[in-house]
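Read off the chains here:
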Number of protein chains: 2
Amino acid sequence: MSGGAKLIDGKAIAAEIRTEIKHDVESMKRIVPGLATVLVGERTDSSTYVRMKIKACKECSMNSIHRSLPDTASEEEVLQAVEELNRDESVHGILVQLPLPSHINEERILSSVSIEKDVDGFHVVNIGKLAMKGRTPLFVPCTPRGCVELLKRSGVQIAGKEVVVIGRSNIVGLPVSMLLIHENATVTIAHSRTADLPGVVRRADIVIAAVGRSEMVKGDWVKPGCIIIDVGINSKPDSSKKSGYRLVGDVDFEECRKIASMITPVPGGVGPMTIAMLLRNCVDAAMRKEREVNE
Amino acid sequence: MSGGAKLIDGKAIAAEIRTEIKHDVESMKRIVPGLATVLVGERTDSSTYVRMKIKACKECSMNSIHRSLPDTASEEEVLQAVEELNRDESVHGILVQLPLPSHINEERILSSVSIEKDVDGFHVVNIGKLAMKGRTPLFVPCTPRGCVELLKRSGVQIAGKEVVVIGRSNIVGLPVSMLLIHENATVTIAHSRTADLPGVVRRADIVIAAVGRSEMVKGDWVKPGCIIIDVGINSKPDSSKKSGYRLVGDVDFEECRKIASMITPVPGGVGPMTIAMLLRNCVDAAMRKEREVNE
Ligand SMILES: NC(=O)C1=CN([C@@H]2O[C@H](COP(=O)(O)OP(=O)(O)OC[C@H]3O[C@@H](n4cnc5c(N)ncnc54)[C@H](OP(=O)(O)O)[C@@H]3O)[C@@H](O)[C@H]2O)C=CC1
Ligand SMILES: NC(=O)C1=CN([C@@H]2O[C@H](COP(=O)(O)OP(=O)(O)OC[C@H]3O[C@@H](n4cnc5c(N)ncnc54)[C@H](OP(=O)(O)O)[C@@H]3O)[C@@H](O)[C@H]2O)C=CC1
């Protein structure tokens, strides 16, 4: 498409990363990296995500361990499952699939995951180290790490660029902002209380949209030639689909691709990267363990 | 001065806060809040800062405990001094005056301070909680907290405003950015790698300068009517002074006061607030202890 933005192909880049991971896994001598997934209840979307993670483990020659609990499980039962995985030496990363049923305290469950196995990177000590200059977190949260990898592997220079992050959540907006500051970008963090969001977004050389609102970022919100990473995953009614809906991002893709120089599609952009980074974090943990054993 | 900015009088606001602190201290029944200061070596500036902190404790009816070590002290000796203060029940806050002599690992010393007594708020768990939405740190770092208090007590509405923070250090720029995001400002974090700093600063309704460069922010960098918090403390040669120098901020005060609507002077702006917030943090810790004792 002449004049249109180059697509940042998250699917291809994630596949490249999985190949690297598989290579690392196969070069390990004593340990097979193992990822544990914990699923409470039977939400269709959560079950799908967990299945995708297990499948990706297999592709990368990793072990996967799965614990399924009924949605009537008590907080204590979920805690106990996590504790067992904390003790299990064949497990190097533990992923508790969110959201948990409402009778369970998410913060309590998440903070029960051993920090050495917190491959999601949401432990408060990990976030503290991520925020501070000169400290290295054990794990960088997967989706934020995926956004930065997409930029780097697409040859985008981040240092000195104006980045606008829309969203300030603990799992995407905030940690991706921290990462980009460390990459020497000038970062603006916008959110629902931002006064003139289109005006703010228009300043950006790089836009990271992590809002959760279908196609909110319009073509006339973005600067010609900018680079757009669309984190959003929203379902939009679409009668032409058998399911009755299709997935769209937080960015109006058709409008923005005409203005931007690079853009991620949804699906096929950030989504596959999140899983790849989860495996990367898990293998990094296993490699650390192997080095410790060798010492 | 007609058309000039209103001065934000940090000295007066800090005095007001010390009065509140003294009131809180005198209303406590079982505990007298105690601040411990640790000074290694004899740097004149550090000695002055410590003396000011001890004096402020006295003014607020608080106890102060001081440990002085020679600059030949070993890391183990400093650690031991901190450990003793960690155990000392009359001590509710521990302040290790920085910088430490170069043969001592600052990170190791700072992280040896018990998190319940980390009134500086630099512990990684405190920073992690400060960064995350929905978590409450035990202590908010003093200078950042002082900046926000100055704005609030001057009647500035922060929510929805464009804030530019110049500087991303662990002790000022980064934590003040976090606080202002939680206050619902749209925050841009600028630093030495920012491409067009004057252009970025010119967007701000509120400028926080924490750079460490004398009078760097010029009058034509700032938007008419903006509000300026100048964190910088720099000494500038001045032959008219007996000492041969005077203190200036990171902002060109004479130029910027003509353009801004409110501005902090240096000295007498953020400086006095830092000490007031240190005492506030220490008394908060003592009050938490008293509540625990009562429970
Ligand atoms: N690709 C992937 O692998 C992943 C995708 N996602 C997707 O990313 C999106 C964001 O997820 P998450 O961060 O968890 O969502 P949250 O709901 O936790 O956070 C959304 C953020 O967007 C802000 N926001 C909401 N409405 C507006 C608005 N009208 N204007 C400006 N800002 C607004 C909110 O502001 P405020 O703080 O003021 O409320 C909040 O900070 C979702 O679509 C989610 O599905 C998430 C994780 C992984
Ligand atoms: N009032 C008070 O109580 C206190 C005052 N201060 C004062 O505040 C100031 C900042 O302190 P601190 O944060 O510890 O300092 P640091 O030196 O740790 O950090 C300075 C920050 O300013 C940035 N910077 C340096 N030069 C430039 C430039 N030319 N353009 C844009 N950004 C630049 C640096 O960027 P980069 O990260 O890229 O290097 C860095 O992020 C100092 O003057 C200090 O004396 C500090 C603490 C308390």
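Each remark here, short or long, concerns the structure printed above.
Residues numbered from 1 in each chain as written. Chains lettered and ligands numbered in written order. Predicted model: local features only at pLDDT ≥ 70, side-chain atom pairs only at ≥ 80, totals over all residues. Heavy atoms only, no water.

Draft legend 1. Quick peek at the sheet that holds strand 4 (residues 93-96) of chain A. All names here are of chain A. Reading across from one edge, 3-2-4 is the order of the 3 strands in this open sheet, with parallel pairing throughout. Of all strands in the sheet, those with a lone pairing partner are strand 3 (63-69) and strand 4, marking the two edges. Averaged over all adjacent pairs, the angle separating strand axes in this sheet is 15°, with direction ignored. Sheet topology note: the strand 2 (residues 34-40)/strand 4 ladder contains 4 bridges and is parallel. Looking at the pairing, valine 38 lines up with valine 96 of strand 4. In the packing of helix 2 (residues 44-59) onto the sheet, the strands contacted are strand 2, strand 3 and strand 4, and the crossing angle to strand 2 comes to about 170°. (Pairing = 2+ DSSP bridges. Helix = DSSP H or I, 4+ residues; strand = E, 2+ residues; numbered from the N terminus. Axes fitted to C-alpha atoms, helices over the stretch in contact; angles between N-to-C directions. Contact = heavy atoms within 4.5 Å.)

Draft legend 2. Highlighting the relation of the copies chain A and chain B. Taken as rigid bodies, chain A and chain B are interconverted by a rotation of 180° and an axial shift of 0.0 Å, the fit giving an RMSD of 0.0 Å. This pairing of chains is accounted for by a two-fold axis. Comparing interface residues between copies, 100% of those in chain A also sit at the interface in chain B, which points to an isologous, same-surface contact. (Least-squares fit on C-alpha atoms with pLDDT ≥ 70 in both.)

Draft legend 3. Region of interest: the sheet that holds strand 4 (residues 93-96) of chain B. Residues and elements named next belong to chain B. Spatial ordering of the open sheet is given by 3-2-4, a layout of 3 strands whose pairing is parallel. This sheet does not close on itself; its edge strands, each paired only once, are strand 3 (63-69) and strand 4. Ignoring strand direction, the axes of neighbouring strands in this sheet form an average angle of 15°. Against the sheet, helix 3 (residues 75-87) touches strand 2 (34-40), strand 3 and strand 4, its axis set at about 165° to strand 3. Sheet strands touched by helix 10 (residues 270-294): strand 2 and strand 4. Its angle to strand 2, the strand with the most contacts, is close to 125°.

Draft legend 4. Fine view of the packing of aromatic side chains. Counted under the stated rule, the structure contains 0 aromatic pairs over all chains. The positively charged end of A:Arg288 is found above the aromatic ring belonging to A:Phe139, 5.0 Å away from the centroid. (Phe/Tyr/Trp six-rings, centres within 6.5 Å; stacked < 30°, edge-to-face > 60°. Lys NZ or Arg CZ within 6 Å of the ring centre and 35° of its normal.)

Draft legend 5. Region of the structure containing helix 2 of chain A. All names here are of chain A. Taking 1.5 Å as the rise per residue, helix 2 with 16 residues should run 22 Å; its terminal C-alpha atoms sit 23 Å apart, in good agreement. Looking only at helix 2, the buried set comprises Ser46, Val50, Lys53, Ala56 and Cys57. One face of helix 2 carries all of its buried residues, which in axial projection span an arc of 120°. Every exposed residue of helix 2 that faces more than 90 degrees away from the buried side is listed here: Thr44, Arg51, Lys55 and Lys58. Structurally, helix 2 contributes buried residues whose contacts are with helix 1 (10-27), strand 2, strand 3, strand 4 and helix 10 (270-294). Backbone geometry just downstream of helix 2 places serine 61 in the positive-phi region, at approximately 60°. (Expected span 1.5 Å × (residues − 1). Buried < 20%, exposed > 50% of the residue type's maximum accessible area, 1.4 Å probe, protein only. Arc of directions from axis to C-beta.)

Draft legend 6. How the structure looks around the site of ligand 1. Residue and element names in this part refer to chain A. Looking at ligand 1, there are 23 residues lining it, with Arg168, Ser169, Ser192, Arg213 and Thr274 nearest. Contact between ligand 1 and serine 169: an oxygen atom at 2.5 Å from a side-chain N or O atom of the residue. In this structure, a nitrogen atom belonging to ligand 1 sits 3.4 Å away from a main-chain N or O atom of valine 231. Summarising the interface, the protein chains cover 74% of the accessible area of ligand 1, which totals 930 Å² for the free molecule. Looking at side-chain class alone, the shell around ligand 1 contains 10 nonpolar, 10 polar and 3 charged residues. (Near = heavy atom within 4 Å. Polar contact = N/O pair within 3.5 Å; in protein donor to acceptor, adjacent residues only side chain to side chain. Areas by Shrake-Rupley, 256 points an atom, 1.4 Å probe, with all protein chains shown as cover. Nonpolar A, V, L, I, M, F, W, Y, C, P; charged D, E, K, R; others polar.)

Draft legend 7. Structural view of the pattern of salt bridges. Here the structure, examined in full by the defined rule, presents 42 salt bridges over all chains. With its nearest N and O atoms 2.9 Å apart, the salt bridge here joins A:Asp238 to A:Arg246. Its relative accessible area of 14% is what places A:Asp238 among the buried residues. Under the relative-accessibility criterion, A:Arg246 is labelled partly exposed at 32%. The closest approach of N and O atoms between B:Glu59 and B:Arg18, which form a salt bridge, is 3.0 Å. Taken as a pair, B:Glu59 in helix 2 (residues 44-59) and B:Arg18 in helix 1 (residues 10-27) lie far apart in primary sequence, 41 residues in all. Three or more residues joined by partner-sharing salt bridges are found here, namely A:Glu16, A:Glu20, A:Glu149 and A:Arg153. (Salt bridge = Lys/Arg side-chain N within 4 Å of Asp/Glu carboxyl O.)

Draft legend 8. Structural view of the site of ligand 2. Residues and elements named next belong to chain B. Close to ligand 2 lie 23 residues, the nearest being Arg168, Ser169, Ser192, Arg213 and Thr274. Within the contact set of ligand 2, an oxygen atom lies 2.5 Å away from a side-chain nitrogen or oxygen of serine 192. The side chain of arginine 213 places a nitrogen or oxygen atom 2.7 Å from a nitrogen atom of ligand 2. When ligand 2 is considered free in solution it has 920 Å² of accessible area, and contact with the protein chains removes 73% of it. A total of 3 residues in the shell around ligand 2 trace back to one element, the largest contributor, which is helix 10. Of the residues contributing to the shell around ligand 2, the split by class is 10 nonpolar, 10 polar and 3 charged.

Draft legend 9. Seen up close, the interface of chain A and chain B. Residue-level contacts link 32 residues of chain A with 32 residues of chain B. Buried area between chain A and chain B, summed over both chains or domains, comes out near 3000 Å², and the portion from carbon and sulfur atoms is 56%. For the chain A face of the interface with chain B, the top three residues by lost area are A:Val124, A:Met132 and A:Arg168, together amounting to 17%. In this assembly, chain A and chain B are joined by 4 salt bridges. With a closest N to O distance of 3.1 Å, A:Glu162 and B:Arg203 form a salt bridge. Where chain A touches chain B, the interface holds 17 residue pairs in polar contact (both at pLDDT 80 or more). At 6 residues, helix 5 (residues 124-131) of chain A tops the list of elements feeding residues into the side of chain A that touches chain B. A breakdown of the residues in the side of chain A that touches chain B according to their chemical character gives 16 nonpolar, 8 polar and 8 charged. In the sheet, strand 6 (residues 186-190) of chain A pairs with strand 6 (residues 186-190) of chain B via 3 bridges, with the strands oriented antiparallel. In the sheet register, A:Val187 faces strand 6 of chain B, and the bridge partner there is B:Ile189. (Buried area = accessible area lost by both parts, 1.4 Å probe.)

Draft legend 10. Layout of empty space enclosed by the protein. Per the counting criterion, the structure on display carries 2 cavities of 30 Å³ or more. Considered as a void within the structure, the largest cavity measures approximately 40 Å³ in volume. The element best represented in the lining of the largest cavity is strand 4 of chain A, accounting for 3 residues. Residues belonging to the lining of the largest cavity are distributed by class as follows: 6 nonpolar, no polar and 2 charged. Every residue lining the second largest cavity is listed: B:Ile94, B:Val96, B:Leu110, B:Val113, B:Asp118 and B:Asp120. Along the lines of polarity and charge, the residues of the lining of the second largest cavity split into 4 nonpolar, no polar and 2 charged. (1 Å grid on protein atoms, 1.4 Å probe; cavity = no way out; pocket = protein on both sides within 12 Å on 5 of 7 lines; lining within 4 Å. Points joined across faces, edges and corners; volume = space filled by probe spheres on them.)

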